[in-house]
Amino acid sequence: MTPVTVSQGDSPVVLGLPHTGTYVPDEIFARLTPRGQTLADTDWHVERLYDGLLPGATTVRAMFHRYVIDANRGPENESLYPGQNTTGLVPMTDFDGEPLWITAPDDAEIAQRLADWHAPYHAALTAEIARVKAIHGFAILYDCHSIRSHIPFLFEGTLPDFNIGTNLGVTCDPRIEAAVEKICAATGRTMAVNGRFKGGWTTRHYGQPGEGVHAIQMELAQSTHLEAEALPFAYDEAKAEALRVPLGAILHALEDLAPELGAGA
């Protein structure tokens with residue numbers, strides 16, 4: 001299994017897909033609890049939601065599951081949300097706080113997983129951002145995510161449909177955040193900007209607007225595109241097609257910002 005797949009385009013927009021993969025090597029899968037083996041914390045069908053919405057976009061997709069190693073956590077396993085419940089580089093619990101492992105990996109195994117899975121994904125993402133930046137003078141990384149809308153272990157209440165993260169405006173030009181917020185607000189759906197999800201390690205690591213790399217995270221509530229937020233996490237065609245309209249508008253709006261962003265590159 002290749003750790004990452006890349007589809008190159010000529011747009012300034014790069015789509016990151018760190019959590020849609022479901023591959024777990026047999027020897028790792030056998031050590032997961034029965035609950036863990038359901039792979040419930042996948043960003044279900046996000047690759048399908050965004051497919052074809054911006055034909056020129058580059059996509060970089062991790063094919064491995066986040067239980068192998070989380071491509072949206074830093075290699076030093078620093079907490080993204082100090083003082084709040086979250087999951088780490090190799091999660092020890094699922095999103096409900098339940099144990100994932102019959103036999104948990106030790107430090108040496110985690111280091112090997114970093115080398116085998118995490119590093120190739122980020123090498124590919126780094127290369128594609130650099131390639132796009134060389135074409136346009138800048139790049140926009142749009143990091144694609146989804147999560148169940150009700151997870152008391154991680155957050156209170158019900159998650160908004162759209163959750164925009166720019167680490168409090170640090171990771172991108174303000175025009176990017178404003179454009180995404182405007183489109184989300186116009187849908188009449190619930191939304192939050194830098195709420196519970198302010199952008200993961202990917203957004204925070206790559207988002208360096210002063211260096212010509214802008215990053216923004218979109219965390220979608222899975223109620224927006226699944227039949228139910230439970231096994232088998234089936235894709236709802238009608239819900240998804242309705243959601244693809246604003247998602248497509250967002251990606252095209254980001255591409256349309258190219259002349260303005262390029263002028264300041």
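None of the values given here were measured: they were computed from a predicted structure.

Draft legend 1. Region of interest: the overall build of the chain. Counting secondary structure elements, the chain contains 7 helices and 7 strands. Listing every helix and strand of the chain by position from the N terminus yields β-β-α-α-β-α-β-β-α-β-α-β-α-α. Computed over C-alpha atoms, the radius of gyration of the chain comes to 18 Å, within 12% of the 18 Å expected from 2.2 N^0.38 for 265 residues, which places it in the range of a compact globule. Seen along its three principal axes, the alpha-carbon backbone of the chain occupies a region of about 55 × 40 × 35 Å. Within the chain, buried positions represent 55% of all 265 residues. If you average the places of the 18 positive and of the 34 negative side-chain charges in the chain, the two averages end up 2 Å apart.

Draft legend 2. Inspection of the pattern of salt bridges at higher detail. Applying the stated criterion across every chain yields a total of 16 salt bridges. Between Arg148 and Asp41 there is a salt bridge; the shortest N-O distance is 3.7 Å. Placement of the pair is Arg148 in the loop between strand E4 (139–147) and strand E5 (162–165) and Asp41 in the loop between helix H1 (26–29) and helix H2 (46–50), with a sequence separation of 107 residues. Here Arg189 makes a salt bridge to Asp161, at a shortest N to O gap of 3.7 Å. Of this pair, Arg189 sits in the loop between helix H4 (174–186) and strand E6 (191–193) while Asp161 sits in the loop between E4 and E5, placing them 28 residues apart in sequence. Taken together, the shared-partner salt bridges connect Arg35, Asp41, Asp94, Asp96 and Arg148 into one network.

Draft legend 3. Structural detail: the packing of H4 against helix H6 (residues 237–256). Here H4 crosses H6 at 155 degrees, and the two axes come no closer than 9 Å. If you check the angle between H4 and H6, you find them roughly antiparallel. Considering only the axes of H4 and H6, their crossing is right-handed. Every residue of H6 that contacts H4 at Ile176, Val180, Ile183 and Cys184 is listed here: Pro246, Ala249, Ile250, Ala253 and Leu254. Each residue belonging to the contact of H4 with H6 can be placed in one class, and the counts come to 9 nonpolar, no polar and no charged.

Draft legend 4. Looking closely at helix H3 (residues 107–136). Taking 1.5 Å per residue as the helical rise, H3 with its 30 residues ought to reach 44 Å, and the 41 Å between its terminal C-alpha atoms agrees with that figure. The sharpest bend along H3 reaches about 40 degrees and sits at Leu114. Phi for Gly137, located one or two positions after H3, is positive at around 90 degrees.

Draft legend 5. Layout of the layout of surface pockets. The space that makes up the largest pocket amounts to roughly 260 Å³. Along the walls of the largest pocket sit 15 residues, with Ser7, Leu15, Asp51, Gly52 and Thr59 positioned nearest its centre. Per-element tally for the lining of the largest pocket: the top contributor is strand E1 (residues 4–7), with 3 residues. Its residues placed into classes, the lining of the largest pocket shows 8 nonpolar, 4 polar and 3 charged.

Draft legend 6. The pairing of E4, seen in detail. With 9 of 9 residues buried, E4 lies mostly within the body of the structure. Burial along E4 is two-sided: the residues Ala139, Leu141, Asp143, His145 and Ile147 and Ile140, Tyr142, Cys144 and Ser146 are all buried. In terms of strand pairing, strand E2 (residues 13–17) meets E4 through 4 bridges, oriented parallel. What sits directly across from Val13, in E4, is Ile140. Relative to strand E7 (residues 213–221), E4 runs parallel, the two being bridged by 9 bridges. Along E7, the bridge assignment pairs Ser146 with Leu220.

Draft legend 7. The pairing of E2, seen in detail. Among the 5 residues in E2, 5 count as buried, and that is most of the element. Neither face of E2 is open: one carries Val13, Leu15 and Leu17, the other Val14 and Gly16, and all of them are buried. Note that E2 and strand E3 (residues 58–62) share 4 bridges and pair parallel. Pairing of Leu17 across the sheet is with Arg61, part of E3.

Draft legend 8. Spotlight on the environment of Asp236. Relative to the helices and strands, Asp236 is located in the loop between E7 and H6. As a C-alpha pair, Asp236 and Val46 span 190 residues in sequence and 12 Å in three-dimensional space. Beyond its immediate sequence surroundings of up to four residues, Asp236 is in contact with His225, Leu226 and Glu227. Engagement of the side chain of Asp236 in a polar contact is seen with the backbone nitrogen of Lys239, the distance being 3.0 Å.

Parameters at a glance
- Residues numbered from 1 in each chain as written.
- Predicted model: local features only at pLDDT ≥ 70, side-chain atom pairs only at ≥ 80, totals over all residues.
- Heavy atoms only, no water.
- Helix = DSSP H or I, 4+ residues; strand = E, 2+ residues; numbered from the N terminus.
- Rg over C-alpha atoms; globule rule 2.2 N^0.38 Å.
- Buried < 20%, exposed > 50% of the residue type's maximum accessible area, 1.4 Å probe, protein only.
- Lys, Arg positive; Asp, Glu negative; His and termini not counted.
- Charge placed at Lys NZ, Arg CZ, Asp CG, Glu CD.
- Salt bridge = Lys/Arg side-chain N within 4 Å of Asp/Glu carboxyl O.
- Axes fitted to C-alpha atoms, helices over the stretch in contact; angles between N-to-C directions.
- Parallel < 35°, antiparallel > 145°, perpendicular 65-115°, else oblique.
- Left-handed = near helix turned anticlockwise from the far one by under 90°.
- Contact = heavy atoms within 4.5 Å.
- Nonpolar A, V, L, I, M, F, W, Y, C, P; charged D, E, K, R; others polar.
- Expected span 1.5 Å × (residues − 1).
- Bend = angle between axes of the 7 residues up to and from the residue.
- 1 Å grid on protein atoms, 1.4 Å probe; cavity = no way out; pocket = protein on both sides within 12 Å on 5 of 7 lines; lining within 4 Å.
- Points joined across faces, edges and corners; volume = space filled by probe spheres on them.
- Pairing = 2+ DSSP bridges.
- Polar contact = N/O pair within 3.5 Å; in protein donor to acceptor, adjacent residues only side chain to side chain.

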